[in-house]
Amino acid sequence: MNERPTAPGADDRMDGRAPVPSAVHSAGKANPARPVEPEDVENGLRFGHLMAVQTKRRLNDVAASLHALLETLVAQGTLSLDDYERRREVTKQREVQRTQSEALVSLGDTVDKYAATGLPEINCAELRPLCKSRCCTLKFSLSIQDLDERVVRWDYSRPYQIASRPDGYCVHCDAEKGACQVYQQRPAVCRTYDCRKDSRIWLDFDKRIPAPEGRSP
Ligand code: SF4
Ligand code: SF4
């Protein structure tokens, strides 16, 4: 699946600074007479993801302690460094294979999308008949700001990746016109993305030659 290039640091991370959804803080004040709203479900999911991230951070602490112990043993000559490195490489490959299918929680950069400057000037309305709005098939993750606004939708099965239609397009991409239906609130990466040099979109932007459909990055 294509990944839209994002600003540095926008990757599969969600650190402990991610704010806990407000409904989680006020869970004890919930009104039992009030029907469950989609917001409640979304806040519950976000809380679950936050817990998962905290667990991961604790695992990182354990890993750091283990490495410190191993380094001590190597330094003292109790453990052969070559033997350790060989075994570690084998184990690493095994872990990579084992975790390839594991789900990740990914978040976009913590930036104020409304303050983004130097946005590319591209006449999308004129170019859509050629490009077919292919930029809106690329995958990326929403930011905390997007999540708090609750306008742009994310894929509940791959938090917090942009939600897609079965045809691969973003759910906010107008099926007929190809225009963004959440233009005012569109994520930061949608604002800053420049398709002109992206070979997945254009063979030659200046000559208006689109890349063949289905082209992989
Ligand atoms: S692919 Fe480029 S020209 Fe086409 S809609 Fe997206 S940004 Fe605009
Ligand atoms: S939010 Fe708008 S600009 Fe961004 S991928 Fe979806 S339709 Fe395209």
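Rules used in this analysis
- Numbering of residues starts from 1 in each chain and follows the order in which that chain's sequence is written.
- Just so you know, chain letters begin at A and ligand numbers begin at 1, following the order they were written in.
- It should be noted that, the model being predicted, local features are given only for residues of pLDDT at least 70 and side-chain atom pairs only at 80 or more, the latter also being counted only at that level, while totals for whole chains, interfaces and linings use all residues.
- Just so you know, side-chain values use all the structure's heavy atoms and leave hydrogens and water out.
- We call a set of buried Ala, Val, Leu, Ile, Met, Phe, Trp, Tyr and Cys residues a nonpolar core when their side-chain atoms join them within 4.5 Å.
- With a 1.4 Å probe rolled over the protein chains alone, any residue whose accessible area is under 20% of its type maximum counts as buried; one over 50% counts as exposed, and the rest are partly exposed.
- Aromatic pairing here means that ring centres of Phe, Tyr or Trp (its six-membered ring) are within 6.5 Å. Orientation follows from the plane angle: under 30 degrees is stacked, over 60 is edge-to-face, and everything else is tilted.
- For a Lys NZ or an Arg CZ to count as sitting over a ring, it must be within 6 Å of the ring centre and within 35 degrees of the ring normal.
- We call a residue near a molecule or strand when any one of its heavy atoms sits within 4 Å of it.
- Cavities and pockets were defined on a 1 Å grid built over protein atoms only: a cavity is a set of grid points that admits a 1.4 Å probe from which the probe cannot escape, a pocket is an open set flanked by protein on both sides within 12 Å along at least five of seven lines, and lining residues are those with an atom within 4 Å of any such point.
- Any molecule with more than half of its atoms within 2 Å of a cavity's or pocket's grid points is counted as sitting in it.
- Residues were grouped as follows: Ala, Val, Leu, Ile, Met, Phe, Trp, Tyr, Cys and Pro as nonpolar; Asp, Glu, Lys and Arg as charged; and all remaining residues, including Gly, as polar.
- Here a strand is any run of E in DSSP of at least two residues, a helix any run of H or I of at least four, and the numbering for each starts at the N terminus.
- Here a polar contact is taken to be a pair of N or O atoms separated by no more than 3.5 Å, where protein atoms must pair a possible hydrogen donor with a possible acceptor and residues adjacent in sequence count only if both atoms sit in side chains.
- Confidence of the predictor at the level of single residues is captured by pLDDT, which takes values from 0 to 100.
- A contact between two residues is defined here by any heavy atoms of the two lying within 4.5 Å.
- For this document, the term salt bridge refers to a Lys or Arg side-chain nitrogen within 4 Å of an Asp or Glu carboxyl oxygen.
- Working rule for helices: expected span equals 1.5 Å times residues minus one.

As for the nonpolar core
Of all hydrophobic cores here, the largest spans 16 residues; its most connected members are Leu142, Leu147, Tyr160 and Ile162. Leu127, Cys131, Cys195 and Phe205 belong to the second largest nonpolar core, which has eight residues in total.

Some remarks on the packing of aromatic side chains
The tally for this structure, following the rule as stated, stands at three aromatic pairs. Plain terms: the ring middles of Trp154 and Tyr160 are 4.7 Å apart, the flat faces sit at 70° to each other, and that makes the pair edge-to-face. For the pair Trp154 and Tyr160, a shared accessibility class is recorded, and that class is buried. Grouped by ring-pair contacts, the aromatic residues Trp154, Tyr156 and Tyr160 constitute a single cluster. When the ring centre of Tyr183 is taken as reference, the NZ or CZ atom of Arg186 above it lies at 3.8 Å. A cation sits over an aromatic face here: Arg208 above Phe205, 4.5 Å from the ring centre.

Examining the site of ligand 1
Residues in close proximity to ligand 1 include Ile122, Cys124, Leu127, Cys131, Ser133, Cys135, Cys195 and Ile201, which together make up its full environment. According to the grid-proximity analysis, the pocket containing ligand 1 is the second largest pocket. Here the residues of the shell around ligand 1 sort into seven nonpolar, one polar and no charged.

Describing the environment of Asp112
Tracing the chain through its elements places Asp112 in the loop between α3 (81–99) and α4 (124–131). Residue class for Asp112 comes out partly exposed when judged on its relative accessible area of 42%. At 2.9 Å, the side chain of Asp112 and the side chain of Gln145 are in polar contact.

Focus on the site of ligand 2
Residues in close proximity to ligand 2 include Cys136, Phe140, Cys170, His172, Cys173, Cys180, Val182, Pro187 and Cys190, which together make up its full environment. The pocket occupied by ligand 2, as judged from atoms lying within 2 Å of grid points, is the second largest pocket.

Remarks on the confidence of the model for the chain
Mean pLDDT over the chain stands at 83; residues scoring 70 or higher make up 82%. Summarising per-element confidence for the chain, the mean pLDDT is lowest in helix α1 (residues 22–25) (46) and highest in helix α6 (residues 188–192) (97). Contacts from residues 5–19, a stretch scored under 50 in pLDDT, to residues over four places away or in other chains number 34 contacts. Predicted confidence is poor over residues 22–28, with pLDDT under 50, and the contacts of this stretch with residues over four places away or in other chains come to four contacts.

Section: the pattern of salt bridges
With the rule as written, the count across this model stands at 11 salt bridges. For Glu89, the salt bridge identified is with Lys92, shortest N-O distance 3.8 Å. Of this pair, Glu89 and Lys92 both sit in helix α3, three residues apart, which is roughly one turn of that helix. Counted as one network, the salt bridges with shared partners bring together Asp83, Arg86 and Arg87.

Topic: helix α2 (residues 38–75)
Relative to the 56 Å expected for 38 residues at 1.5 Å per residue, α2 spans 55 Å between its end C-alpha atoms, a close match to the ideal helical length. For α2, the full list of buried residues reads Glu42, Asn43, Arg46, His49, Leu50, Val53 and Leu70. Gly77 sits one or two positions beyond α2 and adopts a positive phi of about 80°.

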